[in-house]
Amino acid sequence: MMFKRITIIGLGLIGGSLALAIKEKKLAREIVGVSRRKSTVRCAVKEKIVDFATLDLKEGVRDSDFVIIAAPVLEIVKIARIIAPFLKKGAIVTDAGSTKKYIVKGIEKIRLKGAYFAGSHPVAGSEKSGIKSADKDLFKGACCIITDTKNTNKKALGKIKRFWKALEMKVIIMPLDRHDRLLSKISHLPHAVSVSLVNSAGRKDIGLAAGGFRDTTRIASGEPGLWKDIFLTNKDNLARDIKALKRELSRIEVALKNNDSKDLLSLLSRAKSIRDSL
């Protein structure tokens, strides 16, 4: 057992799945959940996802050894500021946000006074949302990125690393800037593409869509508010990657206009080779 008490703030898909995974692995004696919604608090306790749940942040973090903030990106720093005075001395705090520079720099400015923080990003999830979609196996085999800065306490970093590994995740430690550049390419840009494909197709003919369209656009069903925050907190990287995507699309466009089958085949073959290497 790694911790006596773990608090999870935010009981959506990620937070609920974390609670179930922690229970399965017996990583805590007690799991406390915090949510903004009474219905979620009731569900979390009724379904035994957590041992105790509350709407009160102060009550939720009291005496916790490990606090995980699994809230929307733009809420994470605000929550850290609120809980800072009530954290147990020596407590470890992490988050599960999809962008890191905005969150980590924001929380490091707060100075948690006796508690230690390092940013985390479990790269796992689905287009589903809410506690009713929680899945104890969501993190198995997936990657978790932990950020390391000059302000990171190495002992706390080590314990956070062991925690994610105990959930059977592959843990990678990297700087903030590299995380946000990388995730823009492999997560945020694909979501923007998926959204654009759906919007360009429109509602009228979507009923005819088969496997290819459904597979490519699955993630467009993700929670819009959550993704708005992710896009805005990684806007420079995402805007750059959208430009790169436009260049690639224009190469296909030019090949089509010129009836250039050789260039078109080259583009398609290169993509297949890269995708097949996954």
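See the structure printed just above.
Computed from a prediction, not measured in an experiment: that's the story for all the values here.

### Focus: the nonpolar core
- Formed by 39 residues in total, the largest nonpolar core has its most connected members in Ile6, Ile8, Leu18, Ile22, Phe163 and Trp164.
- Among the secondary structure elements, those contributing two or more residues to this core are strand S1 (3-9), helix H1 (13-25), strand S2 (28-34), helix H2 (38-46), strand S4 (66-69), strand S8 (143-147) and helix H6 (154-166).
- Once you skip the residues sitting within four places of it in the chain, Ile22 turns out to touch Ile6, Ile8, Leu27, Ala28, Ile31, Ile68, Phe163 and Leu167.
- Ranked by size, the runner-up nonpolar core spans 27 residues in total, among them Val77, Ile79, Leu87 and Leu176.

### Describing helix H5 (residues 101-110)
- Every buried residue of H5 is listed here: Ile103, Val104, Gly106, Ile107 and Ile110. One side of H5 carries all its buried residues, which in axial view fall inside an arc of 165°.
- Immediately downstream of H5, the backbone of Arg111 shows phi near 60°, a positive value.

### Quick notes on the sheet that holds strand S7 (residues 120-123)
- A sheet is described by the order of its strands in space; here three strands give the open sequence S7-S8-S9, paired in mixed fashion. Looking at the sheet topology across the chains shown, the edges are occupied by S7 and strand S9 (170-174). In this sheet, adjacent strand axes meet at a mean angle of 20° when their direction is disregarded.
- For S7 and S8, the ladder comprises four bridges, and the chain directions are antiparallel.

### Looking at the pairing of S2
- Burial within S2 is extensive, with five of its seven residues counted as buried.
- Bridge analysis of S1 against S2 gives six bridges, and the strand direction is parallel. Within S2, the residue paired with Phe3 across the bridge is Ala28.
- The β-α-β motif built from S1, the intervening H1 and the parallel element S2 has right-handed crossover chirality.
- As judged from the three bridges shared by S2 and strand S3 (residues 52-54), these two strands associate in the parallel manner. When the sheet's bridge partners are listed, Val32 is paired in S3 with Phe52.
- A crossover connection joins S2 to the parallel S3 through H2; in handedness this β-α-β unit is right-handed.

### A closer look at the state of the cysteines
- Applying the stated criterion to the full structure yields zero disulfides.
- Its sulfur unpaired, Cys144 is 8.8 Å from the next cysteine sulfur, which belongs to Cys143.
- Overall, the relative accessible area of 0% leaves Cys144 in the buried class.

### Some words on the packing of helix H7 (residues 176-201) against helix H9 (residues 224-233)
- The N-to-C vectors of H7 and H9 enclose an angle of 120°; their axes lie 11 Å apart at closest approach. Considering the angle they form, H7 stands oblique to H9. Crossing geometry of H7 relative to H9 is assigned as left-handed. From H7, Ser187, His188, His191 and Ala192 reach across to H9, where they touch Trp227, Ile230 and Phe231.
- Residues of the contact of H7 with H9, tallied by class, amount to four nonpolar, three polar and no charged.

The rules behind the values
- Residues numbered from 1 in each chain as written.
- Predicted model: local features only at pLDDT ≥ 70, side-chain atom pairs only at ≥ 80, totals over all residues.
- Heavy atoms only, no water.
- Core = buried A, V, L, I, M, F, W, Y, C linked by side-chain atoms within 4.5 Å.
- Buried < 20%, exposed > 50% of the residue type's maximum accessible area, 1.4 Å probe, protein only.
- Helix = DSSP H or I, 4+ residues; strand = E, 2+ residues; numbered from the N terminus.
- Contact = heavy atoms within 4.5 Å.
- Arc of directions from axis to C-beta.
- Pairing = 2+ DSSP bridges.
- Axes fitted to C-alpha atoms, helices over the stretch in contact; angles between N-to-C directions.
- Right-handed = clockwise from strand over helix to strand, strands pointing away.
- Disulfide = S-S within 2.5 Å.
- Parallel < 35°, antiparallel > 145°, perpendicular 65-115°, else oblique.
- Left-handed = near helix turned anticlockwise from the far one by under 90°.
- Nonpolar A, V, L, I, M, F, W, Y, C, P; charged D, E, K, R; others polar.

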